[in-house]
Amino acid sequence: MKPTPARTLTRGRQPLGVAVTFFLLLVTALAAPPVSHAADTTVNPARNSGAAAVASYEDGTVAIGSPTVAPTTTYPTTYSDWQNGLLAGNGKQGVIVFGNPRNDTVVFDDKDFFMARTEARPHRTFNTVSQDNINKIRDELIAGQYQQANQLAADVQGYQGGGEGSKHPGYKMTLQMPDAGTVSNYVRSTDYAAGVLKVNWSDDKGSWERDSFVSRTDGATVQYQAAPPGQKETVTLGLSIDPGMNLLNEGVTYTTNNTTDYLNLRAKYPNGSYNAGYEGVTRIVTDGTKTLSNGQVTVSNASYVLLLSLTQRYNGTYNGGVPAEQEWNKNLLQQKLAGLSTNYQTLLNRHVAKHSAIFNRVSFDLGATPADRAKSTEQLLAEQKSSSTPVPALYERMFYASRYHLLGSSNETAAPDLLGNWTGDSNVGWDGYYHLDANLNLQISSGNIGSMPEAMAGYFWLNQQWQKDFETNAKKLFGTRGMLTGGNTPNAEGLISNINYDYPYQCVTGGEFWLLYPFWEHYETTGDRTRAKRVRRSSEPLHH
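Remember, it's a predicted structure, so these values are computed and weren't measured experimentally.

(A) How the structure looks around the packing of helix α11 (residues 453–478) against helix α12 (residues 511–526). Relative orientation of the contacting elements α11 and α12 amounts to 140°, with a least axis distance of 11 Å. Looking at the two axes, α11 sits oblique to α12. The element α11 and its partner α12 pack so that their crossing is left-handed. Contacts between α11 and α12 involve Met 456, Tyr 459, Phe 460, Asn 463 and Phe 470 from the former and Glu 512, Trp 514, Leu 515, Leu 516, Pro 518, Phe 519 and His 522 from the latter. Here the residues of the contact of α11 with α12 are counted per class, giving nine nonpolar, two polar and one charged.

(B) Fine view of the sheet that holds strand β14 (residues 262–268). Overall, antiparallel pairing links the nine strands, which are arranged β3-β8-β9-β10-β11-β18-β15-β14-β13 in an open sheet. Looking at which strands have only one partner, the edges of the open sheet turn out to be β3 (69–72) and β13 (253–256). For this sheet the average axis-to-axis angle between neighbouring strands, irrespective of direction, equals 15°. Packing of helix α6 (residues 344–359) onto the sheet brings it into contact with β9 (196–203), β10 (206–214), β11 (221–226) and β18 (304–314), and relative to β10 it is tilted by some 50°.

(C) Quick look at the pairing of strand β5 (residues 93–97). For β5, a buried count of five out of five residues is recorded, marking the element as mostly surrounded by other parts of the structure. Burial along β5 is two-sided: Gln 93, Val 95 and Val 97 facing one way and Gly 94 and Ile 96 facing the other are all buried. In this structure, the hairpin formed by strand β4 (residues 86–89) and β5 is closed by a connection of three residues, where Gly 91 is found at a positive phi of approximately 95°. Pairing geometry for β5 and strand β6 (residues 103–110), over five bridges, is antiparallel. Bridge pairing links Ile 96 to Val 107 in β6. The antiparallel hairpin formed by β5 and β6 contains five residues in its connecting segment, where Gly 99 sits at a positive phi of about 100°.

(D) Looking closely at the sheet that holds strand β17 (residues 296–302). Spatial strand order, β4-β5-β6-β7-β12-β17-β16: seven strands in an open sheet with antiparallel pairing. Either end of the sheet is taken by a strand with one partner, and the two such strands are β4 and β16 (289–293). Taken pair by pair, the neighbouring strands of this sheet meet at an average axis angle of 20°, ignoring direction.

Cut-offs and rules
- Residues numbered from 1 in each chain as written.
- Predicted model: local features only at pLDDT ≥ 70, side-chain atom pairs only at ≥ 80, totals over all residues.
- Heavy atoms only, no water.
- Axes fitted to C-alpha atoms, helices over the stretch in contact; angles between N-to-C directions.
- Helix = DSSP H or I, 4+ residues; strand = E, 2+ residues; numbered from the N terminus.
- Parallel < 35°, antiparallel > 145°, perpendicular 65-115°, else oblique.
- Left-handed = near helix turned anticlockwise from the far one by under 90°.
- Contact = heavy atoms within 4.5 Å.
- Nonpolar A, V, L, I, M, F, W, Y, C, P; charged D, E, K, R; others polar.
- Pairing = 2+ DSSP bridges.
- Buried < 20%, exposed > 50% of the residue type's maximum accessible area, 1.4 Å probe, protein only.

See below:
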């Protein structure tokens, strides 16, 4: 079908002249290729009240066929297929929900989950290059001897790696339910505008729905499942590190400290890592009976189960801290969770209000029909593969998916790293760092023009943290004032990374201008001069 003339990208009531930025996060946009397997059925709201709830909230403003709701009818059935889980996050925490009706897996991530620095190599180090060598490198470049200049630079810089290692998942939660007949009317979905994941299905007990979101208001992951009317439910819950996460084979160890009220996984990084570690805690709220057996908690005879979760990384004795065990024993996460509301509707409303207020500032309409917008992602992808023209509903969904994932991996002190904020494996490409020579620049490029200052705040904050190290890079490698970017980094450290013959990151002398441009763009889109003035005062080009 040909798209209708409607081609409007709006921010509030003002048209935006850029419609292509939604392609910049497509790596994480669509999570339902045909390699996943499940009840491969068409979404049919008429036969399944749970499916109708895929896009229904208490205010009734979201309807089936909404461009901001993405249903899918397949799900991962093995851990190795974690890439096809559905994503939710608030910039600090992230979850990957597989969506298996009776044997679900949820991976918990955190923006601070990077392999801990070692006591042997706590930081990246490199030499101060002499003025004589700088002159030689310059002269060889002027003479067109680029390989010789690059080799000399690599030889005299003396780079040695150090600091924090690759991004990694924290752990997984399993939710197991007893058999209750054939599963039918299955659908899982992401409501981009509300920031909520849903898993819906029917069986002999009736229609089920399991909701998940990571609250921007309360800071916790919230999961909720109610039994069908007139029924009770049984759910067995556990936390563990899956071998497929490639953590156990890297020396990470863990224990569980579960009670009937709280699940608690405590992990330690390998020996020689400053006794650093991390933990995850889940509070179990229900009207059913809770029993603890073999490290798992079973909830039975319940009309509902509400799970509230927090994650935290501990740096151990690095920089004057204390071992992770001392942090665990304070039970601070349990105390925070105990202070949250246990009313699911209250938690949901608070989250949706904040998330949707940000998300709904921009809309994108290619004139897709309500019927096409209601199709599963699998259907839209199949139609696009067989069509020589764009399928409007698919492109609308791609836009909203990209906007949703940018917001879900950003907050006041976080911008999306190479993985957004989601991974199920620690063996990830380029360590999952912030990559400052193109990737991060493109990932956040729609933040300003997309009227999402809440997402840009973390990007601006990170740049301020990097400034001092960027100045060190310029001084030691070029003998200049100004700032030289760090290539890539897992956190707020900006010392230049991995400089060698194949990756001469020090040659990206224009990188800082690219990183700073969004500060100016912030002024252009908002009229706020504060950030642009701060850049003007704190930065300058490389020069002697």
